[in-house]
Amino acid sequence: MRTNAFYTIIYSIFLVCFQSNTFSQSVIWNKTYGENFSEHLNSLIIVPGGYLAAGYTSPEDVAQRRAFYIKTNSEGDLIWQKTKESTYFEYITDCTNDSKNNVYLLGNSEISKDQGNVVLFLKISDTGEILFEKKFAGGEKQIAAAFAKNKDDEFIIAGSFENKSDRDKDLWILKLDKKGARIWQAFSDNRYNEDAANDVIITPDDEYVAAGWIRDFKTQNIDCYIVKFNKYGQKAWKKSFGSEDEEQFNTITLTQNNEYIVAGSIKSAYGKNDALIMRIDKNGNLLWQKKIGGNADDEIQSIIVDKDNFIAAGYTTDIASNDKQMWLLKIAADGTLIGDFATGKKLSDALNDVLLNDKNEVICAGWSDVADNGKSDAFLLCMPEKFEGAPKQIITAGTDTEGPIITIISPLPDEKGIVAVEANKPRQIVGKVEDASGILDLTVNGNKISPNAEGIFTVNLPQTETNAKIRAIDKLGNYSEKSIFFSTGGKLEPLNAVISNISNFNRVALVIGNASYHSAPLKNPVNDAKSIGLELKNLNFNVIMLTDASYKEMKKGISDFGTELAKDRNTIGLFYYAGHGIQLKGKNFIVPVDEKIEKEADVEVYAIELDDLMANLEYAGNTMNIIILDACRNNPFSRSFRSAAGTGLAATNAPVGTFVAYATAPGSTAADGSGKNGLYTQELLKTLKIPNLKIEDVFKKVRTSVKEISNGEQIPWENSALEGDFIFKTK
């Protein structure tokens, strides 16, 4: 059983009744704007006499978005609206004004798919005319998410930066002077991750705090991420916050005592977004965290300080209709939800920004779908500071972090979860699910089922099913799982062993051959990979092929491989690698061709740890995986290593359902080969063509042949934790 206990949870159910063009009496005014196209507002500021908001429009006659901005009076009546003409895909993400009330717009301009994205920086007049336009490039893709202005009217832009020569996406900030000239830029520089900023603020000491997300390449988890830079662009500190779920910050604001309130979303146990709020002290330490949501998508896009409290804006989803609705929340200093307000017209509505005006009214900007034609209008909303929401039920989790209790009533499984059933007959399960907070969702093998008032459920499965995975989620987001396995006779074990013929399952392979190393090129790995890939296709594998792959290509290939395996549990995965491999401090690494390894410390930066592959296979959860490593060649970098590099590769413990094959024994090396293929791959290709050999017999035969041909100098080795029988070729 796994429970989602990382966050204190507030679960809100919004029962909002509304009609088209009808809002709660607490609304002061609301206005829509547009040109018969689809318009969204992303940012909002106060200007003399009213408001200025900006975003984008999507005209029907062009594929590109265009920058769109409006000015209204203090009652929301339109003064003017502008669309920036361009042949590029452009949109505005943020806007601000300086000490002289000059207005600046920040956005992005995608020049082309080949040339990438550049940052768009505009200064406009009081009538909306463009006074200057600047574009900032330098990488393959820069994304500007937000900006802030300091007391000297200098600007800090935050977002992400990606260059063709770089490994991955980096959180990026850019400092400009009051005329829009570049002063400096800085990066997060996380070698093992990719990350980006979604918002930025400036502290009273002229330091810059960017909030967004970070992805760990090893686990593929996405966590909340916050980085503080000094006024010269040097990192003061960086912190990430997360669990096994997917989290990100969308917005950040500064409290009266210079602490940070950050908000965004967390992926809930049932695959939807819940709103997430954290309070962090000035040194980046977490003070508290809260999660607010229902059984559909909920997210915070903007948050501001209101005296001792906070006001947040975003969207929630109506449970009954599944429509997206505008959402305002009032939150106390300790994170307690004081109240909220959810409303909408029809189909889909959301708020992207919020502020308080001099009357202490809440002004919000966003978008609203106004008809069944798939179009949306730009939208402004004015509410009293003490807004009242629709009826709601709020349940506080307290100390309840346990998932529902799942009991199998019939048929009763044994202590290993195995149930005896008759062959060629449907399987029926009767069970019971219980939880004090109530059951939100119940599935069997991914299919939703409904228990009765006492929690009793009955499900009928086809005779072809070999197992049943029951998953229940309570109304606090905690969940439990229970699996049972069907046996038609004989001694069977869970997982792989309950499957009668895994040889007939789907087959997916990732094949990598690296030869063109600048420091120590190899002769055969590309040939080996191509030959193996062709043979695997003949054996009904869907093959992903990479040759002379870079670090980034290998990372993406491994990630795509794991994603493909995860699509169907009944899948056989096979990973084959030929090229340089390194053992360092008992860990195994495979080496991309663009390596820059000059010392020991470089290995963990420029090579890929085999555990990254194992983590992706564990994530996939498929039936069986085969790993073949023809990567035990001499370490060409060992002369520059001080102590820790071993000879060949280290032994790897195979997880359950995994078969690992090495071209030679752990700690030994294998020859590259003098023919078209390396010796190991040459003999493997021959043996794969022999029908009706179990996998263990295939590699036993390869081991015998390689040992004989090499006069005992190369002895292949395997490590198996398989529980079922697998045959490559059945005819």
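Residues numbered from 1 in each chain as written. Predicted model: local features only at pLDDT ≥ 70, side-chain atom pairs only at ≥ 80, totals over all residues. Heavy atoms only, no water.

## Some points on the overall build of the protein
Right, so step 1: From N to C terminus, the protein includes 6 helices and 48 strands.
Right, so step 2: Looking at the protein as a whole, 57% of its 731 residues are labelled buried.
Right, so step 3: Long-range contacts, defined here as pairs at least 24 residues apart, represent 59% of the contacts in the protein between residues at least 6 apart.
Right, so step 4: Entry remark: accessible area of the protein is about 30,500 Å², with carbon and sulfur atoms responsible for 45%. (Helix = DSSP H or I, 4+ residues; strand = E, 2+ residues; numbered from the N terminus. Buried < 20%, exposed > 50% of the residue type's maximum accessible area, 1.4 Å probe, protein only. Contact = heavy atoms within 4.5 Å. Areas by Shrake-Rupley, 256 points an atom, 1.4 Å probe, with all protein chains shown as cover.)

## Details of the sheet that holds strand S23 (residues 299–306)
Right, so step 1: Taken together, the 4 strands give an open sheet; going across it, the order is S23-S24-S25-S26, and neighbouring strands pair in antiparallel fashion. Among the strands making up the open sheet, the edge pair consists of S23 and strand S26 (337–343). Adjacent strand axes in the sheet meet at a mean angle of 20 degrees when their direction is disregarded.
Right, so step 2: Across 7 bridges, the pairing between S23 and strand S24 (residues 309–317) is antiparallel. Across the sheet, residue Val305 finds its bridge partner in S24, namely Phe310. (Pairing = 2+ DSSP bridges. Axes fitted to C-alpha atoms, helices over the stretch in contact; angles between N-to-C directions.)

## Some details on the pattern of salt bridges
Right, so step 1: The final tally for this structure, using the stated rule, is 25 salt bridges.
Right, so step 2: The partner of Glu434 in a salt bridge is Lys432, and the shortest N-O contact between them spans 3.9 Å.
Right, so step 3: Classification of Glu434 by relative accessible area gives partly exposed; the value is 35%.
Right, so step 4: The class of Lys432 is partly exposed, set by a relative accessible area of 27%.
Right, so step 5: Lys686 serves as the salt-bridge partner of Glu683, at 3.2 Å between the closest nitrogen and oxygen. With Glu683 and Lys686 both in helix H5 (residues 679–688), this residue pair falls 3 residues apart, about one helical turn.
Right, so step 6: The network of salt bridges with common partners includes Lys84, Glu90, Glu133 and Lys135. (Salt bridge = Lys/Arg side-chain N within 4 Å of Asp/Glu carboxyl O.)

## Re the state of the cysteines
Right, so step 1: Inspection of the entire model under this criterion finds 0 disulfides.
Right, so step 2: You can see Cys382 has no disulfide; the closest cysteine sulfur is in Cys364, sitting 8.8 Å from it. (Disulfide = S-S within 2.5 Å.)

## What about the packing of aromatic side chains?
Right, so step 1: Applying the stated criterion to the full structure yields 17 aromatic pairs.
Right, so step 2: Ring plane angle 15 degrees and centroid distance 5.8 Å describe the contact between Tyr104 and Phe121, whose orientation is recorded as stacked. Taken as a pair, Tyr104 in strand S8 (residues 103–112) and Phe121 in strand S9 (residues 116–124) lie far apart in primary sequence, 17 residues in all.
Right, so step 3: The class of Tyr104 is buried, set by a relative accessible area of 2%.
Right, so step 4: Seen in terms of ring centroids, Phe161 and Trp172 are 5.9 Å apart; in terms of plane orientation they differ by 45 degrees. Their pairing is tilted. (Phe/Tyr/Trp six-rings, centres within 6.5 Å; stacked < 30°, edge-to-face > 60°.)

## Observations regarding the environment of Cys382
Right, so step 1: Within the element layout of this structure, Cys382 appears in strand S29 (residues 376–384).
Right, so step 2: In this structure the C-alpha to C-alpha distance between Cys382 and Ile28, which are 354 residues apart in sequence, comes to 5.4 Å.
Right, so step 3: Look past the residues within four positions of Cys382 in its chain and what remains in contact with it is Val27, Ile28, Trp29, Glu361, Val362 and Ile363.

## With respect to the sheet that holds strand S2 (residues 29–33)
Right, so step 1: The sheet built from 4 strands is open, its strands ordered S2-S29-S28-S27 with antiparallel pairing. Edge positions in the open sheet fall to S2 and strand S27 (349–356), since each of these has one partner strand only. In this sheet, neighbouring strand axes are inclined to one another by 20 degrees on average, regardless of whether the strands run parallel or antiparallel.
Right, so step 2: Note: S2 against S29, 5 bridges, orientation antiparallel. Its bridge partner lying in S29, Tyr33 is registered against Ala378.

## Quick notes on the pairing of S23
Right, so step 1: Taken across its 8 residues, S23 has 6 buried, putting it largely inside the fold.
Right, so step 2: Where S23 folds back onto S24 in an antiparallel hairpin, the turn is made up of 2 residues, including Lys307, whose phi is positive at roughly 55 degrees.

## Section: empty space enclosed by the protein
Right, so step 1: Summed over the entire model, instances satisfying the criterion amount to 2 cavities of 30 Å³ or more.
Right, so step 2: Forming the walls of the second largest cavity are Phe217, Gln220, Lys555, Ile558, Ser559, Ile608, Asp612 and Asn616.
Right, so step 3: When contributions to the lining of the second largest cavity are tallied by element, the ones reaching two or more residues are helix H2 (551–566) and helix H4 (610–620).
Right, so step 4: Among the elements that line the lining of the second largest cavity, the one with the most residues is H2, at 3 residues.
Right, so step 5: The residue inventory of the lining of the second largest cavity, partitioned by class, reads 3 nonpolar, 3 polar and 2 charged. (1 Å grid on protein atoms, 1.4 Å probe; cavity = no way out; pocket = protein on both sides within 12 Å on 5 of 7 lines; lining within 4 Å. Points joined across faces, edges and corners; volume = space filled by probe spheres on them. Nonpolar A, V, L, I, M, F, W, Y, C, P; charged D, E, K, R; others polar.)

## As for the pairing of strand S42 (residues 581–584)
Right, so step 1: Both faces of S42 are covered, namely the face carrying Gly581 and Gln583 and the face carrying Ile582 and Leu584.
Right, so step 2: As paired strands, S42 and strand S43 (residues 587–590) are joined by 4 bridges and run antiparallel to one another. For Ile582, the partnering residue across the bridge sits in S43 and is Phe589.

## Brief notes about the confidence of the model for the protein
Right, so step 1: Model confidence for the protein is summarised by a mean pLDDT of 81, while 80% of its residues fall at 70 or above.
Right, so step 2: Across residues 490–500, confidence stays below pLDDT 50; counting only partners more than four residues off in sequence or on other chains, it has 28 contacts. (pLDDT = per-residue confidence, 0-100.)

## With respect to the packing of H5 against helix H6 (residues 695–709)
Right, so step 1: Two elements in contact, H5 and H6, have axes whose closest approach is 9 Å; the angle formed by their N-to-C orientations is 135 degrees. Between H5 and H6, the angle is such that the two are oblique. When you trace H5 past H6, the crossing you get is right-handed. Where H5 approaches H6, its residues Leu679, Tyr680, Gln682, Glu683, Leu684, Thr687 and Leu688 are matched on the opposing element by Val698, Phe699, Lys701, Val702, Ser705, Val706 and Ile709.
Right, so step 2: Residues of the contact of H5 with H6, tallied by class, amount to 9 nonpolar, 3 polar and 2 charged. (Parallel < 35°, antiparallel > 145°, perpendicular 65-115°, else oblique. Left-handed = near helix turned anticlockwise from the far one by under 90°.)

## Things to note about the nonpolar core
For soluble globular proteins, nonpolar side chains are generally found buried alongside one another.
Right, so step 1: Within the largest apolar cluster, 38 residues are counted, with the highest numbers of intra-cluster contacts made by Phe561, Phe575, Tyr577, Leu613 and Ile627.
Right, so step 2: The next biggest cluster of nonpolar side chains, apart from the first, holds 33 residues, and it includes Ala509, Tyr576, Ala578 and Tyr680. (Core = buried A, V, L, I, M, F, W, Y, C linked by side-chain atoms within 4.5 Å.)

## What to know about helix H1 (residues 525–538)
Right, so step 1: In this model H1 runs 20 Å from its N-terminal to its C-terminal C-alpha over 14 residues, within 8% of the 20 Å that 1.5 Å per residue would give.
Right, so step 2: Those residues of H1 that sit buried are Pro525, Val526, Asp528, Ala529, Ser531, Ile532, Gly533, Glu535 and Leu536.
Right, so step 3: Tucked inside the fold, the buried residues of H1 contact strand S39 (506–513), strand S40 (542–547), strand S41 (571–578), strand S45 (624–630) and H5.
Right, so step 4: The first or second residue beyond H1 is Asn540, which carries a positive phi of 70 degrees. (Expected span 1.5 Å × (residues − 1).)

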